[in-house]
Amino acid sequence: MKKLTIKVRSGKGGNGIVSLKRSFKVPLGGPDGGNGGAGGSVYLEFIDKTQDLDKKIKNHIIADSGKDGEPNNKNGKAGKDIVITVPKNYKVYIVKEGEEEKEITKQPSQLKTKIAKGGQGGWGNKKFVLPTRRTPRFSQNGQDGEETTITILQKPTSNVVIVGEENTGKTTLLNKLTGTSAKVAGYVGTTQSVNLGVYEKGKVLLTVADIPNKMEDYAEFIEESFIVVVVSEFFSSKNIFVKKTTELTENKKNLIRIVTKEKNDNSKINTIFGQTDSVDTIDSLVESFLGFLDIPKTKQPKDSLMFSTKKPVFKKRKYLISIDDEGRRHVSGGTPNLFASTLDLSNSEARYEFFRRMRLLGLSRDLSKKGIKDDDLVCVAGKEIRWRL
């Protein structure tokens, strides 16, 4: 089964800068450092089509980083977002650090699903002006982007599966039947992955899959399919793959054999004799499809009356304080992690700003209740910080 593992990384936010305006007739213009641009995010877009995965998708996807801020209060340019398009015949699993693998599904209210958020752009020194600090000489660095791994796996959702001996025209049959342009050549092993096509005529809409012989999980495709087409040169084929396929399809009533190098034998049920690119073969195959399908006149079901209850809204914690086995305090949370990782705490002004914001957040108060005193070590965003209440 076609499987693609992609390492995804969103863009880093641009750095804010320290700048003091100096120009003619404005000798003391004050701080004018611009903010950094936000890093690009990575999205998944689920499309309601059955098709092959885009071959341009790489194993490593990195979104653009945001640009740094500039003097004169100019903000940096944001990084460009990346959108990965996923057809409906594929499923996606995501693995984030410290979390279990989970499947991502299309949300009805969203056109795109964000899988890696771009880093926030850092603030320039203009943003840190206070009544008691008119000329801040520090700025904030951009936030790092997120890293994650996704696995895109093909679903066995085809209605018709074409299997059989190598070099018997299976891909040619798919192209003639569905109008696709899958690669065809005169050597063994041309088909390396599943080729998909759609046959549509009137009320009949079938997804057709051409399965490579060396694929490990082809049995899953056969089990999930409605019709199986087996192509071989002779009816009594000694090919191991054909024999195994025939065994897997013993209980399937909807089995069609196509024999390319034998004369017509009417005693063989559900068997077509002829080349796969022949018009007669295609017509006979379509006729067999219609014989297997029961197509009643269906009406669109009316929407049933749905009752919904309002889900309770839980307040999200701003931060979490924990103690490890060695007795060290750890703080985790969006705001503490952001400022601890983006401010230069060796700068006295930036350090003062960090603790001022932690006091406004209520973190210093809660740490004090847990016995933390001035100059005690607290771990935030992987840094050991000597705390100031």
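Residues numbered from 1 in each chain as written. Predicted model: local features only at pLDDT ≥ 70, side-chain atom pairs only at ≥ 80, totals over all residues. Heavy atoms only, no water.

Examining the overall build of the chain
A count of helical and extended segments in the chain gives seven helices and 18 strands. Counting only residues that meet the buried cut, the chain has 41% of its 389 residues in that class. Once local pairs closer than 6 in sequence are excluded, the contacts in the chain between residues at least 24 apart make up 69%. Accessible surface, the chain: about 23900 Å² in total, of which carbon and sulfur atoms supply 48%. (Helix = DSSP H or I, 4+ residues; strand = E, 2+ residues; numbered from the N terminus. Buried < 20%, exposed > 50% of the residue type's maximum accessible area, 1.4 Å probe, protein only. Contact = heavy atoms within 4.5 Å. Areas by Shrake-Rupley, 256 points an atom, 1.4 Å probe, with all protein chains shown as cover.)

Side note on the layout of surface pockets
For the largest pocket, the calculated volume is near 710 Å³. As for the largest pocket, its lining consists of 24 residues, and the residues nearest its centre are Q143, G333, G334, N337 and L338. A total of six residues in the lining of the largest pocket trace back to one element, the largest contributor, which is helix α5 (residues 334–342). Its residues placed into classes, the lining of the largest pocket shows three nonpolar, 14 polar and seven charged. (1 Å grid on protein atoms, 1.4 Å probe; cavity = no way out; pocket = protein on both sides within 12 Å on 5 of 7 lines; lining within 4 Å. Points joined across faces, edges and corners; volume = space filled by probe spheres on them. Nonpolar A, V, L, I, M, F, W, Y, C, P; charged D, E, K, R; others polar.)

Quick word on the environment of E147
Here E147 lies in strand β8 (residues 147–154). Judged by its relative accessible area of 58%, E147 is exposed. A C-alpha to C-alpha distance of 9.9 Å links E147 and G118, two positions 29 residues apart in sequence. Aside from chain neighbours lying at most four places away, what touches E147 is V8 and R9.

Some thoughts on the pattern of salt bridges
A side chain with one charge can pair with a side chain of the opposite charge if their charged atoms come near. Tallying each qualifying case throughout the model produces 10 salt bridges. A salt bridge links R328 to D324; the nearest nitrogen and oxygen atoms lie 3.1 Å apart. For R357, the salt bridge goes to E353, with nearest N and O atoms at 2.7 Å. A residue pair is termed a helical-turn pair when its members lie 3 or 4 positions apart in one helix, as R357 and E353 do in helix α6 (residues 348–361) at four residues. Look at E353 and you get buried, because its relative accessible area is 0%. Taken together, the salt bridges that share partners define one network made up of R133, E353, R356 and R357. (Salt bridge = Lys/Arg side-chain N within 4 Å of Asp/Glu carboxyl O.)

What to know about the sheet that holds strand β7 (residues 113–116)
Spatially, three strands are ordered β4-β2-β7 in an open sheet, and the strand pairing comes out mixed. The open sheet terminates on both sides in strands that have one partner only, identified here as β4 (82–87) and β7. Across the sheet, the mean angle separating the axes of adjacent strands is 30 degrees when strand polarity is ignored. Two elements, strand β2 (residues 42–47) and β4, share six bridges in a ladder whose sense is parallel. By the bridge assignment, L44 is partnered in β4 with I84. (Pairing = 2+ DSSP bridges. Axes fitted to C-alpha atoms, helices over the stretch in contact; angles between N-to-C directions.)

Some points on the sheet that holds strand β12 (residues 227–232)
Across a sheet, strands are paired by hydrogen bonds formed along the backbone, either parallel or antiparallel in direction. With mixed pairing, the six strands of this open sheet are ordered in space as β10-β11-β9-β12-β13-β14. If you trace the sheet from one side to the other, it starts and ends with β10 (195–201) and β14 (271–273), each paired once. On average, each strand axis in the sheet is inclined to that of its neighbour by 20 degrees, with strand direction left out of account. Here β10 runs beside strand β11 (residues 204–210); their pairing, made up of seven bridges, is antiparallel. Within the sheet, the bridge partner assigned to E200 lies in β11 and is L205. Relative to β10, helix α1 (residues 170–178) is tilted by about 35 degrees, and along the sheet it contacts β9 (160–164), β10, β11, β12 and β13 (255–259).

Observations regarding the nonpolar core
Across soluble globular proteins, nonpolar side chains show a tendency to be buried alongside one another. In this structure, V331, F354, L363, L367, I385 and W387 are the most contacted members of the largest nonpolar core, which totals 22 residues. Elements with a contribution of two residues or more to this core: α5, α6, α7 (363–369) and β17 (377–380). At five residues, α6 tops the list of elements feeding residues into this core. Not counting residues up to four positions away in its chain, the partners in contact with L363 are Y319, I321, V331, P336, M358 and W387. F46, I104, I150 and I152 belong to the second largest nonpolar core, which has 20 residues in total. (Core = buried A, V, L, I, M, F, W, Y, C linked by side-chain atoms within 4.5 Å.)

What about the pairing of strand β16 (residues 329–332)?
By the bridge criterion, four bridges tie strand β15 (residues 320–323) to β16 in an arrangement that is antiparallel. Of the residues in β16, the one forming a bridge with I323 is R329. Taking the residues between adjacent antiparallel strands as the criterion, β15 and β16 are bridged by five residues, where G327 takes a positive phi near 85 degrees. Across three bridges, the pairing between β16 and β17 is parallel. When the sheet's bridge partners are listed, R329 is paired in β17 with V378.

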